[in-house]
Amino acid sequence: VLQYLQYPNPAGLERVKVDRYSRTTYDRVPKPPPHGPKGTDRLTILEDTDGDGRVDKAKDFLSDLNIATGFQFGYGGVFVLQTPYLLFYPDRNRDDVPDGDPEVLLTGFGMEDTSSLANSLIWGPDGWLYGTQGTNITANIRGIEFEQGLWRYHPTTKKFELFIDGASNMWGLDFDRKGNLLAGTNYGGYLMFHGVQGAYYQKSFAKHGELHNPFAFGYFNHVPHKNFQGGHVTVGGFLYQADAFPPSFRDKYIAVDTLAHAVRWHHVKPNASTLRSENGGVLLQANDNWFAPSDCTMGPDGAVYIADWYDQRTAHPDPDATWDRSNGRVYRLCWNEAKPSKQIDPQSLTSEQLLDWLNSTNEWKVRRARRVLAERGDGKVVSRLRKMLHESNDDHQTLQILWTLHVLDGLDTKLIAELLDHHDPSIRAWAIRLLADDTEKLEIEHQGDAAQLHAMVMLKLAQMAVSDISPIVVRQLASTAKRLPPEESIPIARNISGRTEFQSDPYIPLLTWWAVEHHAIAGVEQVLTEFVSPEGWQTPLARDVILGRLMRRYAGDGSQTGFAACARLLVSAPNQFQRQRMIAEMDTGLKMLGRKKLPRLPLPGNNLAVKQVDDSGTTGRLKAIPPELADALTGIWSDNTTDPLIIRVFIRLGNQAAIDRAVALVMDKTATEKTRLLMLEILQELGDEETCVGPALMLVADSEPRTIHLAALKLLGRFSDERIAKQLLTAYPKMELPLRDSTRDVLLGRVVSALAFLNEIDDGTYTPDEMTVDQLRRVALHHDDRIDVLVRKHWGNIRAGTPEEKLAEIRRINNDLRAGSGSETEGKLVFEKTCASCHKLFGNGKEIGPDLTKSNRGDRNYLLVSMVDPNAQIRKEYLSYIVLTVNGRVMTGLLAEETPTSVTVLGAKNERTTIAREEIEEIEVSPVSLMPENILKDLKPQQLRDLMRYLESTGK
């Protein structure tokens, strides 16, 4: 048992800073034991010496650990995760005392958040040691950087790999009987991720940024779950694979439900190439809300062992909060009718006897036997294993033998080739996977006598990609293709992409794309030859999944090679619809390059020749538009075009005629309002000050539809030209109220124009009522003494209500609520008017703030505090931010989207503003919620009762 007593703060380190997501930076990286700071975590042996099912002896194997989050036995010792290290403590004489100081196997795991560190070590059937890393932290191990992910380490070759990239805060790993890797997750509504080799998975992108591969262009979600129950933390799960429980529990997923104080079991079922899950029932429900199960596992006796955190806290509050460290406990849950089993130390058995354990129905014994055999490396049993493999009539036993042969290095290409024709798809899939897991062996097979056999096997894989009917096999073929060199990978991927039966599979299309993307640049000629063909355009998976992403990939690369490939894709498009689609994909790819200057694209009427552009400040950036791309695009451009996609792409490529055309359409009153608004949107993203300010000011001053006025103001908000403030202040008195509000937003965004407008109020031109509290808070962000003086003069100190005032408001509302009953129907109407502009409930409303459907609406006091004092607790993903640009503009809002080249801010009016990163000087968290205070103040008592009735309802 690992006692996590040091949580939440590492011993001996000082916090230098804590960011908006509670990620902590420490003053240094601690040295590994025994040289680093000593903590209070312990690895303790609990022993039942008399066999009555209760521990009666305890001994610390290790003490002084400092934030240790996982351990696993093997290879004459214990592997221990103590961030940032994976350590190995030898105990080769097995006296339960470490033989000496630990060996540092890996270093670089992230340590910014102690509630989501690397954890959950488990041996895979392939002999690798697997682990996870959760959310909120960044690891950099041997040059591989990742946040969330599943990783693996090989104990003898010392190799390290990132197995999957992404996923949420995972705690708990296990393999099912077919070798599928399942990872527990704390994401409400789901139980797990299905970890597939080389795949990318969902992250909290607003919080943690994009996937490390910007060209992944997709990701897998959680395993779909039916009838979710309990709290949102479902972790520490495992597949029950023993006989001590009734047969109905075999292969059921058992996991702890921390927030609901329970342990639950679930069905896990096939779902094409992946899995789905469904709620089964409650295995254990506590009558004590301090019961906080944090992990569970199956013991050698087939009983379920449950780790209980046991504390009144189940969340992760301030790192300086107190925790109860005196009451951790472990429960053993057994079936009354289960027969006692005599435990045998596997180390005491011969290798031949351990082979018999591979037939056990208790997975604990099977896994332990395989691990001990791997440690011994006993080649004498390989011949018996091969015989067992050929004689086996049980597919599950065959799979166990295959895995064991692999860990003993008893597989060769000839045997794998035989297994590629096995009738069981899981065996075929694992044969494919194990073939490519050892990349060094693959390189050797390219040479000498083995080369011919290797070539035959690669041809066999390409044929299976055409003919194998199992989605499990085809899924593994796609994963394996990513690991092979392009000349072997791309034919496999091309053959899979020609299959119509897998185009809607949950995993196969994206896995195929990732194999292609991996070689998109290094193997560009192979990729284009295989995919850019009439056949490629005719098969749905290739056409709809691969070709569009290829265009996006090559455009986003921004290189000579990439743009030349774009030209070939564009020219190959078989019809106008597909050409338009390819241009849209090119636009998306070009957007990844940001606003950095590209060479101008020569087109008729532009009178520019292709020329070299000094672009030394942009590493690897295109220095000239390749002639192939210019030729491919020439026929697409028309001086009279109104197509926003064409205009946007040509502006991204630096074409001046496209910029001029966008401005001309904006100013053309005969153009449709939709067209003009689309052009303004394009200029808001891509226009420059010199081109845009004059026309936008003319639009604001002229008689235009309100939508045009508002879009022009949003465009002006990007720029600091001194003409803007002068002309807006002149036009302001004649504006209608909604336009004045948006004009103030523009004026108040910068110090000079904000000061000018406040002086107008000070001179009596406008009354102080002209300003909203939200706008006053925004001008305070300029930290300008002249502005602060004017604000205090006319509005006093702009502050939130005091705690006493908020308490009084809660009491007032409670009194109104107790005075009568509410109507759910009327309450829905109040919600739509008051709350739905930012919150969603039962599918109704917008998602600027949290979806209230899953919130703790049964607690009235929680609801009232959240509404009266929205700043008391702001969930990390709904923090408001202050964005300061290099030209002095200030904006506030949620970070709706972050990419390597831009940030999108979502304001309180549900307006999205995208700012290029090169224009941003600083981003900092705002202490004030985007939700205003006093939102309930103007509601009548009956409206309050109606609203509360609706908020507390089930929505049925």
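Each chain has its residues counted from 1, following the order in which its sequence is written. Where local features are concerned, this predicted model is filtered to residues with pLDDT of at least 70; where side-chain atom pairs are given and counted, the filter is 80 or more; whole-chain, interface and lining totals use all residues. Hydrogens are left out, water is left out, and the side-chain values use all remaining heavy atoms of the structure.

Asks: Hey, could you go over the packing of aromatic side chains for me, with residue numbers and the actual values?
Replies: The way to describe two aromatic rings as a pair is by their centre distance and the angle between their planes. A pair of Phe, Tyr and Trp rings is counted when the ring centres sit within 6.5 Å of each other, with Trp represented by its six-membered ring. The angle between the planes then sorts it: under 30 degrees is stacked, over 60 is edge-to-face, the rest tilted. This structure, assessed with the given rule, holds 35 aromatic pairs. Consider the rings of Phe79 and Phe88, whose centres lie 4.8 Å apart with planes at 55 degrees: the pair is tilted. Using a 1.4 Å probe on the protein chains alone, a residue whose accessible area is under 20% of its type maximum counts as buried, one over 50% counts as exposed, and one in between counts as partly exposed. Classification of Phe79 by relative accessible area gives buried; the value is 3%. Consider the rings of Trp403 and Trp430, whose centres lie 5.4 Å apart with planes at 75 degrees: the pair is edge-to-face. Taken together, the residues Trp403 in helix α5 (residues 395-407) and Trp430 in helix α7 (residues 425-437) connect sequence positions 27 residues apart. Note on accessibility: Trp403 and Trp430 belong to one class, buried. Counting every residue linked through ring pairs, the aromatic cluster contains Phe193, Tyr200, Tyr201, Phe220, Tyr507 and Trp514. Taking the ring centre of Trp128 as reference, the NZ or CZ of Arg152 above it sits at 3.9 Å. Where helices and strands are cited, they refer to DSSP runs of H or I of at least four residues and of E of at least two residues respectively, numbered from the N terminus. Comment: the charge-over-ring label is applied if NZ (Lys) or CZ (Arg) is within 6 Å of the ring centre and within 35 degrees of the ring normal.

Asks: Tell me about the environment of Pro425, and please be specific about residues and values.
Replies: In this fold, Pro425 is placed in helix α7. With relative accessibility at 24%, the residue Pro425 sits in the partly exposed group. Here the alpha-carbon distance between Pro425 and Ser470, two residues 45 residues apart in the chain, equals 6.3 Å. For this analysis, residues touch if any pair of their heavy atoms sits within 4.5 Å. Once residues within four sequence positions are removed from consideration, Pro425 is found in contact with Ser470, Ile472 and Val473.

Asks: Mind laying out the side chain of Ser470, listing which residues take part and the relevant values?
Replies: On the secondary structure map, Ser470 appears in the loop between α9 (450-467) and α10 (471-481). With a relative accessible area of 8%, Ser470 lands in the buried category.

Asks: Summarise the sheet that holds strand β15 (residues 160-165); cite the residues concerned and give the values.
Replies: In this analysis, strands are considered paired if DSSP registers two or more bridges between them. Pairing within the open sheet is antiparallel, and its four strands lie in the order β10-β11-β14-β15. A strand with exactly one partner marks an edge of an open sheet, and here the two such strands are β10 (119-123) and β15. Strand-to-strand, the axes of this sheet are offset by a mean angle of 25 degrees, without reference to chain direction. In terms of strand pairing, strand β11 (residues 129-133) meets strand β14 (residues 149-153) through five bridges, oriented antiparallel. Along β14, the bridge assignment pairs Gly131 with Trp151. Every axis corresponds to a line fitted to the C-alpha atoms, with the helix fit spanning only the stretch in contact, and the corresponding angles, defined between N-to-C directions, vary from 0 to 180 degrees.

Asks: Which residues make up helix α24 (residues 722-731), and what are the values?
Replies: Those residues of α24 that fall on the buried side of the exposure criterion are Ile724, Ala725, Leu728, Leu729 and Ala731. An end-on view of α24 places all buried positions within 165 degrees of arc, on one side of the element. Exposed and oriented more than 90 degrees from the buried face of α24 are Glu722, Lys726 and Thr730. Those residues of α24 that are buried are in contact with α22 (689-701), α23 (706-716), α25 (737-747) and α26 (751-762). In protein, a polar contact means a hydrogen-donor-capable atom and an acceptor-capable atom, both N or O and within 3.5 Å, with residues adjacent in sequence counting only if both atoms are side-chain atoms; elsewhere, any N or O pair within 3.5 Å suffices. With a side-chain oxygen positioned 2.8 Å from the backbone nitrogen of Arg723, the residue opening α24 is Asp721. This arc is built from the directions going out from the helix axis to the C-beta atoms.

Asks: Could you give an account of a negative patch on the surface, with specific residues and numbers?
Replies: Patch definition: residues with relative accessible area over 30% and no salt bridge; like charges joined within 9 Å; nonpolar side chains (Val, Leu, Ile, Met, Phe, Trp, Tyr) joined within 5 Å. All accessible-area figures derive from a Shrake-Rupley calculation using a 1.4 Å probe, and residue coverage is judged against the displayed protein chains alone. Whenever Lys or Arg places a side-chain nitrogen within 4 Å of a carboxyl oxygen from Asp or Glu, that contact is recorded as a salt bridge. When charges are counted, neither His nor the chain ends are considered; positive counts come from Lys and Arg and negative counts from Asp and Glu. Taken as the charge centre is NZ of Lys, CZ of Arg, CG of Asp or CD of Glu, depending on the residue. A surface patch of like charges, here negative, comprises Glu47, Asp48, Asp50, Asp52, Asp56, Asp95, Asp96 and Asp99. Examined against the element boundaries, Asp99 turns out to sit in the loop between β8 (85-90) and β9 (103-107). Overall, the relative accessible area of 41% leaves Asp99 in the partly exposed class.

Asks: For the sheet that holds strand β26 (residues 329-333), give the residues involved together with the corresponding values.
Replies: Spatially, the three strands line up as an open sheet ordered β24-β25-β26, and their pairing is antiparallel. Each edge of the sheet is formed by a strand with only one pairing partner; in this case those strands are β24 (293-298) and β26. Neighbouring strand axes in the sheet, compared pairwise and without regard to direction, differ in orientation by 20 degrees on average. Pairing of β24 with strand β25 (residues 304-308), which is carried by five bridges, proceeds in the antiparallel orientation. Its bridge partner being in β25, Asp295 is matched across the sheet by Ala307.

Asks: Summarise empty space enclosed by the protein; cite the residues concerned and give the values.
Replies: Space inside and on the surface of the protein is sampled on a 1 Å grid over the protein atoms alone, with a cavity defined as a set of points where a 1.4 Å probe fits but cannot get out and a pocket as an open set with protein on both sides within 12 Å along at least 5 of 7 lines; lining residues have an atom within 4 Å of a point. Grid points are joined across faces, edges and corners, and a volume is the space filled by probe spheres set on the points. A full pass over the atoms with the stated rule returns four cavities of 30 Å³ or more. Considered as a void within the structure, the second largest cavity measures approximately 70 Å³ in volume. Lining the second largest cavity are 14 residues; nearest its centre among them are Pro10, Pro30, Asn66, Thr83 and Met111.

Asks: Tell me about the pairing of strand β6 (residues 68-73), and please be specific about residues and values.
Replies: As defined by bridge partners, β6 adjoins strand β7 (residues 77-82) across five bridges and the pair is classed as antiparallel. Across the sheet, Phe71 pairs through a bridge with Val80, a residue of β7. A loop of three residues connects β6 with β7, the two strands running antiparallel in sequence, and Gly74 in this loop sits at a positive phi of about 150 degrees.

Treat this as a map of the structure, not an account of what it does.
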